[in-house]
Amino acid sequence: MEAFRDAILAGAPGEELARIPLPESYRAAFVRKDEAGLFSGLSSREKDPRASLHVDQVAVPELAPDECYVAVMASSINFNTVWSAIFEPLPTFGFLERLGRESEWGMRHDLPYHVIGSDACGVVIRAGSAVRDWRPGDRVVVHCNYVDGQDPRSHDDAMMGANQRIWGFETNFGGLADLSVVRANQLLAKPEHLSWEEAAVNALCNSTSYRMLVSRNGAAMKQGDVVLIWGATGGLGGYAVQYVLNGGGMPVGVVSSASKAKLLEALGCEAVIDRSEKGYRFWTDGHTQDEAEWRRFGKDIREVIGEDPDIVFEHPGRQTMGASVFVAKRGGVVVTCAATSGYMVEYDNRHLWMKLKSIKSSHFANYREAFEANRLIRLGKIQPTLSALYPLEEVGEAAAQVHYNLHEGKIGVLCLAPAEGLGVADPQFRAKVGEDRITMFRRLDS
Ligand code: NAP
């Protein structure tokens, strides 16, 4: 892959990239099937991604007609990197076996190793015979909705397809590698005012937040809405705050430290709640929730913004869901895409039905939503939230930072890119958007 890297860095045209022979193997981060029981008996916290994530050479798979090989310059850590690495809630090899039973091309994915990673930025180096719009030399970001369009149910909203998957989590050949295999309908044009790593960190979290808040498939936020955002400087939250501000809403950001509160204020979020300082105890023990604590939280929200939230942006799950349902405004919506602290959630249904609230589920984004979210990045309206950067060899450490909640925004991973800051092709537009805004998370972390 070094030949591709050198040619890309030298600005070689697509025809030249197409002539470089493909290697037989490439460097990738993966988990191993024979290690799926590595952490059995341990608590989630004791399961350390540094022990299960390996970086080594793996074989280059064959390319299906509707796919492209992408030379990956940079990628990012997502929380699904952590789930894969700690084999929770299930080892991902079951997903690969199921995909392997689906078709001949699907069989390629069912391997004793799983190359993970659901974000990438790089350059197309080969396009399959059925690919129409993408060619070698195209500079791209990859979104992770893996869907083939053969299911009629996916034609209103691709997330409704029965075989919808998340690339690099429920498929093999993900983005934490020097090369990736992606479907043509996962490709988006790279925002050219950003470096490889700034462009690489957005697609998964940015598109998810877009669907949750902006899309009619999510909460369809309107001007003036008060939006409570859990983990407001985290992977999802850092984009959610920006969407609320851009759309004329009023964010209330919940974070767990004074430094994160400061970052939120720098982002323009004036209403901030530091949950560590407040010390909420929504659960008195493993089985009982305390309504008085929900009420105290609700009072704190009213204090910082003056009213109850129209929308609650929910993803911590078990620890917070009861409080989220309680504090939502009469007629409000709790939009949820995850359950980091546990998926068996509990809330008081009386507060839901008597006050006509609703819970809306959301999962990643369809191609159109990912395209719109990427368009907003390309227009400089949404900024990347890259806060730290690791080389691919240190992917285990990078995933540990996210697992143990030691990070802010997104952690980038350099794959073929030899250094930070490369790949900016439109410096004039970068200057117009503003270096300060683009690098806000990166600067505050250092
Ligand atoms: P992240 O970068 O770790 O950010 C999550 C934030 O949530 C943390 O920074 C933390 O912020 C807060 N948090 C964590 N545990 C909490 C708790 N018990 N109570 C209150 N706040 C808590 O992760 P992310 O990328 O935003 O992802 C969050 C979750 O969404 C993960 O479970 C991930 O797998 C899921 N996800 C789902 C989709 C989808 O398509 N369905 C897409 C992306 C992510 P503070 O400590 O500052 O409060």
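Up top is the structure these notes are about.
Residues numbered from 1 in each chain as written. Predicted model: local features only at pLDDT ≥ 70, side-chain atom pairs only at ≥ 80, totals over all residues. Heavy atoms only, no water.

### Some points on the packing of helix α8 (residues 203-213) against helix α15 (residues 367-378)
Going by this rule: Geometry is summarised by axes, namely lines fitted to C-alpha atoms with helices restricted to the contacting stretch, and by angles between N-to-C directions that run from 0 to 180 degrees. Each helix is a run of DSSP H or I of at least 4 residues and each strand a run of E of at least 2, with the numbering of both proceeding from the N terminus. Any angle from 65 to 115 degrees is called roughly perpendicular, while one under 35 is roughly parallel, one over 145 is roughly antiparallel, and all others are oblique. The hand of a helix crossing depends on one turn: near helix anticlockwise from the far one by less than a right angle means left-handed, and clockwise means right-handed. Any two residues whose heavy atoms approach within 4.5 Å are treated as being in contact. Gly is put with the polar residues, along with every residue not named as nonpolar or charged; the nonpolar set is Ala, Val, Leu, Ile, Met, Phe, Trp, Tyr, Cys and Pro, and the charged set is Asp, Glu, Lys and Arg.
Relative orientation of the contacting elements α8 and α15 amounts to 110°, with a least axis distance of 9 Å. In this view, α8 runs roughly perpendicular relative to α15, as classed from their interaxial angle. Considering the relative orientation of α8 and α15, their crossing is right-handed. Residue-level inspection shows Asn 206, Ser 207, Tyr 210 and Arg 211 of α8 in contact with α15, the latter providing Glu 369, Ala 370, Glu 372, Ala 373, Asn 374, Leu 376 and Ile 377. Of the residues assigned to the contact of α8 with α15, the class counts are five nonpolar, three polar and three charged.

### Observations regarding the packing of helix α4 (residues 79-86) against helix α16 (residues 395-403)
Two numbers describe how α4 lies on α16: the axes approach to 9 Å, and their chain directions differ by 105°. Judged by the angle between their axes, α4 and α16 are roughly perpendicular. Facing α4, whose interface residues are Phe 79, Thr 81, Val 82 and Ile 86, α16 presents Ala 399, Val 402 and His 403. Of the residues assigned to the contact of α4 with α16, the class counts are five nonpolar, two polar and no charged.

### Some details on the sheet that holds strand β15 (residues 333-336)
Just so we agree on the cut-off: Here, strands pair whenever DSSP counts at least two bridges between them.
Sheet architecture is open: six strands sit in the order β13-β12-β11-β14-β15-β16, paired in parallel fashion. In this open sheet, the two strands that pair with only one neighbour each are β13 (271-274) and β16 (358-361). Taken pair by pair, the neighbouring strands of this sheet meet at an average axis angle of 20°, ignoring direction. One ladder, built from three bridges, connects strand β11 (residues 226-229) with strand β14 (residues 311-314); its direction is parallel. From the neighbouring strand, Leu 228 faces β14, where its bridge partner is Val 312.

### Considerations on the sheet that holds strand β4 (residues 113-115)
Reading across from one edge, β2-β1-β4 is the order of the three strands in this open sheet, with antiparallel pairing throughout. Each edge of the open sheet carries a strand with a single partner, namely β2 (54-59) and β4. Taken over all neighbouring pairs, the strand axes of this sheet differ in orientation by 60° on average, direction set aside. Bridge count between strand β1 (residues 25-32) and β2: six bridges; the pairing is antiparallel. Bridging from a neighbouring strand, Ala 28 pairs with Asp 56 of β2.

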